[in-house]
Amino acid sequence: MSHRTPGFLPRVLLSATLAFLFQGPAALVAQQTCPPSAGEEVAAGWRAYRADSIPAAERHFTAADGQCARNLDAKTGLGYTALRLGRLNRSDSLFRIVTRADSNNADGWNGLALAAERLHDTTTAVSAARQAARINPDDPGPRQVLDRLAPDWDRQPLVTPARPRRLNVAARTRGSRFEIPRGRDWVPFYIKGINIGAALPGKFPSEFPPDSATYAGWLRQIAGMNANAVRLYTILPPPFYRALRAWNLGHPTRPLRLIHGIWTELPPRDDFDDPAWKTEFRMEMHRVVDLVHGSADIPVRPGHAGGRYDADVSRWTLAYIIGREWEPYSVVSYDRAHPGLAAYRGTWLSAERAPAMDRWLAEQCDSLLDHEVRRFNTLRPIAYTNWPTLDPLTHPTEATTEEEIAIRERLHRPANLSHEYDNDAIGLDANLIRPTAANPAGWFASYHAYPYYPDFMLYDPAYSQARSSLGRSNYFGYLSALKRYHRDIPVVIAEYGVPSSRGNAHLQPQGWDHGGHDEAAMARIDGRLTREIRESGAAGGILFAWIDEWFKKNWVVADLEIPPENTRQWHNMMDAEQNYGIRGMYAGSAGKTPILGGDPVRWTSGTVLEKNAQPVAGQPGVMTIQNDESYVYLAVSFPGLGGKGVPWTWGSVQVAFDTYHEGVGQHRIPRGPTSEIGFEFLMEIFGPEAAQLRVVPEYNPYGAAPDSSGDDLRHFYHRPVTIQDRADGIFDSLYVTVNRARYARNGQFFPARGYNRGRLHYGTETQSTLSDWYYDSAAGLLEIRLPWMLLNVTDPSTATLLYEAEAGQGFGTAHAGGWHVGVLVHAAQTLFALPQLDTDGTWKRDGFASWTWNTWTTPVYHERLKPAYDTMRRTWAAMP
C-alpha cells in the first residue's frame, strides 16, 4: 500500500517556529523548551522523507526525539517513517501519543487513520480521519481514507422519490428475446454480460472493495470488452452503484445494463417456509429493489454490504435473478414435505398444477415484483437461478443414486457414491410459471450451464451427435434441447466459461474440461461457447467471471485446502474455481516474479540452497529456491553447459523433495543413491515430452487409478495419508480420478476417467501459462515452478502440510519444517549430485541445507487482463 506524504511537509521546512503555529497551545509551550538542534534534526528528517530516504529520515527524527522527548514533530515524523517501513504497531502507538498530547494535531490524526486502516482497525481509522478532516478540511488525505472505509460519511439524507402515477416498464420479454425501450419504441436486446464477484486476493467474499475508483475501472474495461450487461449475485457497497450510474450517464449510447441477484443460503432443515429464513430472504429482495432506485439506507451487517444507496440505476436495470443453485436434495425434501400439484395465483405471476418448490419460487418472484410496483410503480423481467442438475429435461444416461446402487448391487459391483448429487432426480420448470395479464414485463428462464457437467451432457447420445456451425459440440446439443423445451420464453445462460487453472476437475469430450487450460485455450473455448449460446437461440449469455477469486473452492481439492478459511490468502493453481477470471489475479509482484523463459536474474535471486564450487560440464552448480502465493520456484544452474546442450542429453535429471520430516519417506532414489533423508516427491526429466512429479504411495491423497474394467471401486479421494519409512525406490504417479464410473438407467457402463496431475509441461510462460519447467540453454539454467498443492501444501500462508489424521477424521495437517532438495544428473557412466554424495555413495543428512519460507497474513498480488478479454471483445463485437 502506498503511503501519502503528510500534508504538513512543506510547512515544516520553513522553520520550526512557523511549524508551531499550526499546532495547539500545549504543544507550542512544550516544544519551545526544546533545543534548536532538535528542530534542525526534524527539518532534516522531513527533507530526507521527501527524498524517499526513509532510513535517513528515521535517524534524524530519532535524534530529535532523543534531544527532546516532548517534540511532537519528531514523534509525528517517527510515526510516518514507521508506517513507511511497515512497523504498523509502532506507528499506531506514536500517533496515539501525538494526538493525546495535542488533540488539534491534524497530521497526527491523519497518521493514526492510515496506521489503523492498515491494521484493519476500521473504527479507529474512521474516527481519526474524521478528526483530521475537521481540523484541516482542505487536506484530501483524510477524505480519501473516509471514502475508502465509510463512503457515506458526507452524504445528505436520502430523499424517497415520488411514486409515478403510471406503471413504468423498464424492460420486457417478447417470445424468446428481451426488449428495452428506445423513445416510444421497443428494440431487441441480446445480453452480452459478465458476472461480477468482487473478492480481491486476501479477502472473504463479503469483503468488498470500498472505493468507487476500483469499480469505475472495472466497468470501463467491461464496456471496452463490448459487453452490454453486468450481473451481481448480491448487494455490493454503494460505490459500485455510483460508479455504474456515472459510467452510464457519461456513455448514454453504450450503457451497461444491470442484472441483479438476490443471494441466500439454503434454509434450515430444507424448509423453505421457515419463518425467520423466509422473512430475511424477502427483506433482502426488498433491499435490492430499493437500492437500484437509489432509495435504500442499509445497516452494515456481518457478511453483508451496507450504507446509503443514493445512486438511482433503475433505468438501466434489465432484470432480477433470485436465489442460488438450489441443491437437488433440498428440492426433493421440500417437495416431499408438500406432496401433490397445485396452483399459485399471484398478482404478477401464476402457476397451474405445479410442484411445491415451483410454486414457492413463483411466490418469491411475485413478492419482489409487488414490492417494486407498490413503492416505485415499476416492473421488469424476473427469473430464478437454475442449473442443468435441476433442469426439467429427462436424461437417460443419468441414473439417480438409488437407481445406480440397485444396478451395482445386481452386478455385484458396489461403489461409494457419497460425493454425487442426484443430477436427474428432480427438476424445476420455468414453463410452469407465467406472467399474469397485469404483468407486461414478462418472465424468463435462467441457467448456469457449463460444458463439462453434469455427466449426462457428456454421455446422452443426442448431445454427443450434435453439431453447431463450428463443429461437433455436446454443449450445443444440450443448449438446443433446453431452448426447444423453453420455446415460448427467453433462456439466459447466466453462467458459462472455462478456467485457466492447472488443475482439472472434470473431463469433457471436446476437451472443454473443468480446468487444465492455459490462458490461450481458455480464450478460444470461451469465445466458442459464446457463439454457440447465440446460435442455440438463447436470449443471451453472461460469462463467468470478471476476476479470479482466491476464496473459491472446487470439489476435487476442497478437502485438501486446510484450513478452508485461508484459501483467500493464496492462489491455488490446482483449484479450477479460483481461475475463471477475465481479469487475472496473479501472485507476487509483477516486477519480481520468476517467469519461465524470462529474465534469469529473477530465478537466481532466490535463496541459495546448494552450491557446487567447481562443477564440470553437465554437473549442477547452484540451486536457488523461492516462492510466492502460487508457486515454489527452483532454479539449478549448469555453468559448464551454457549454450552447449541440455543436462538430460545423457540420461535424465531427478529432483528429490523432502517436504515433511527428514526421517521418513523414500530413502532410495530409483537408479540412484540411498539417502539418510527421506523424500516425499521425485521429479524426473527425460526430455521436454517426458517429465513428471511422483509421490511416495502412502502420501497420495487420491489413491490408485481405476481397475482394468474402468471402475473406481477403490477410494479415489479422501483416504488417510501418512508417510512411511521405506527404501524400495517406489514412487507413484499423481493420478486422480475426476469423472467417476457410472451406470446409465439402462445399465450401460461409462468407465471412470482421470489424468496424471504430476505430468509436467515443458516450455516458456509465453508459450503456455501452464508450463511447469524450462531449460534456458543460453544461461545454462533449469527453471522449475510447482504449485503448492502439487506438493501437498494445504496452506502456504501458514506453512501447513497435509498429513495423517485420526481414523475417520478426514485429512490431517502438520506444520512445515525445513525442506530439503537434491538434484541428480544421470550421464552415460556418471552420476552427478547436488549436494555431492559422500565417499560411500550415499546422501548424508549433513550435506543438505534446509529451506523454510516466510508466512504471510496479507498476500502480494498483481493484476492483468487475460487473452480472453480480447477474444470476447471481438466475439461480442460481431454479434448484433
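Only a predicted model underlies this, so the values are computations on that prediction, with no experimental measurement involved.

Glancing now at the overall build of the protein. Of the regular secondary structure elements, the protein holds 23 helices and 42 strands. For the protein, the C-alpha radius of gyration of 31 Å lies close to 29 Å, the compact-globule estimate for 880 residues. By principal-axis analysis of the C-alpha atoms, the protein measures approximately 85 × 85 × 50 Å. In the protein, which comprises 880 residues, the share counted as buried stands at 60%. Across the protein, contacts joining residues at least 24 apart in sequence account for 69% of those joining residues at least 6 apart. Distance between charge centres in the protein, computed from 90 positive and 96 negative side chains, equals 8 Å.

What follows is about the state of the cysteines. Note on terminology: disulfide describes a covalent bond linking the sulfur atoms of two cysteines. For the coordinates displayed, the defined rule picks out 1 disulfide. Here C34 is linked by a disulfide to C68, with a sulfur-sulfur distance of 1.7 Å. Its torsion about the S-S bond being -45 degrees, the disulfide of C34 and C68 is classed as left-handed. Here C68 lies in the loop between helix 5 (54-67) and helix 6 (72-84) and C34 lies in the loop between helix 3 (25-32) and helix 4 (36-50), a separation of 34 residues in the sequence. Accessibility classification places C34 together with C68 in one group, the buried group.

What follows concerns the confidence of the model for the protein. Detailed reading of the predicted coordinates is not advisable wherever pLDDT is low. Averaged over all residues, the pLDDT of the protein is 90; the fraction at 70 or higher stands at 93%. Segment residues 1-31 is flagged for pLDDT under 50; beyond a separation of four residues in sequence, or across chains, it makes 51 contacts in the model.

The next thing to look at is the sheet that holds strand 37 (residues 793-795). Ordered in space as 37-38-39, the 3 strands form an open sheet in which the pairing is antiparallel. The open sheet has two free edges, formed respectively by strand 37 and strand 39 (812-815), since each of these has just one partner strand. Strand-to-strand twist in this sheet, taken as the mean axis angle between neighbours without regard to direction, amounts to 50 degrees. Pairing of strand 37 with strand 38 (residues 800-803), which is carried by 2 bridges, proceeds in the antiparallel orientation. Considered in strand 38, the bridge of V793 is made with L801.

On to helix 19 (residues 474-485), then. End to end, helix 19 covers 17 Å across 12 residues, agreeing with the expected 16 Å (1.5 Å per residue, within 8%). Of all 12 residues in helix 19, 10 are buried; the element is thus mostly enclosed. Inspection of helix 19 places N474, Y475, F476, G477, Y478, L479, S480, A481, L482 and K483 among the buried residues, and these make up the whole buried set.

By the criterion of burial, strand 36 (residues 781-787) is predominantly enclosed, with 7 of the 7 residues buried. The two faces of strand 36 match: L781, E783, R785 and P787 on one face and L782, I784 and L786 on the other face are all buried. Sheet topology places strand 24 (residues 631-637) next to strand 36; 7 bridges connect them, and they run antiparallel. Its bridge partner being in strand 36, L634 is matched across the sheet by I784. Here strand 35 (residues 773-776) pairs with strand 36 via 4 bridges, running antiparallel. Bridge pairing links Y774 to E783 in strand 36.

Moving on, we come to the environment of K552. Summarising the element assignment, K552 is placed in the loop between strand 20 (540-543) and helix 21 (555-558). Separated by 24 residues in the primary sequence, K552 and A576 place their C-alpha atoms 8.8 Å from one another. The contact partners of K552, leaving out residues within four places of it in the chain, are F544, E561, T567, D575, E577 and Q578.

Packing of helix 6 against helix 7 (residues 88-101) leaves a shortest axis separation of 8 Å and a crossing angle of 155 degrees. As far as their axial angle goes, helix 7 and helix 6 are roughly antiparallel. Between helix 6 and helix 7 the crossing geometry is left-handed. Residues L72, K75, T76, L78, G79, Y80, A82 and L83 of helix 6 form the contact with helix 7, whose participating residues are L88, R90, S91, L94, F95, I97, V98 and A101. Broken down by class, the residue content of the contact of helix 6 with helix 7 amounts to 11 nonpolar, 3 polar and 2 charged.

Here is what the cut-offs are and how they apply
- Residues numbered from 1 in each chain as written.
- Predicted model: local features only at pLDDT ≥ 70, side-chain atom pairs only at ≥ 80, totals over all residues.
- Heavy atoms only, no water.
- Helix = DSSP H or I, 4+ residues; strand = E, 2+ residues; numbered from the N terminus.
- Rg over C-alpha atoms; globule rule 2.2 N^0.38 Å.
- Buried < 20%, exposed > 50% of the residue type's maximum accessible area, 1.4 Å probe, protein only.
- Contact = heavy atoms within 4.5 Å.
- Lys, Arg positive; Asp, Glu negative; His and termini not counted.
- Charge placed at Lys NZ, Arg CZ, Asp CG, Glu CD.
- Disulfide = S-S within 2.5 Å.
- pLDDT = per-residue confidence, 0-100.
- Pairing = 2+ DSSP bridges.
- Axes fitted to C-alpha atoms, helices over the stretch in contact; angles between N-to-C directions.
- Expected span 1.5 Å × (residues − 1).
- Parallel < 35°, antiparallel > 145°, perpendicular 65-115°, else oblique.
- Left-handed = near helix turned anticlockwise from the far one by under 90°.
- Nonpolar A, V, L, I, M, F, W, Y, C, P; charged D, E, K, R; others polar.

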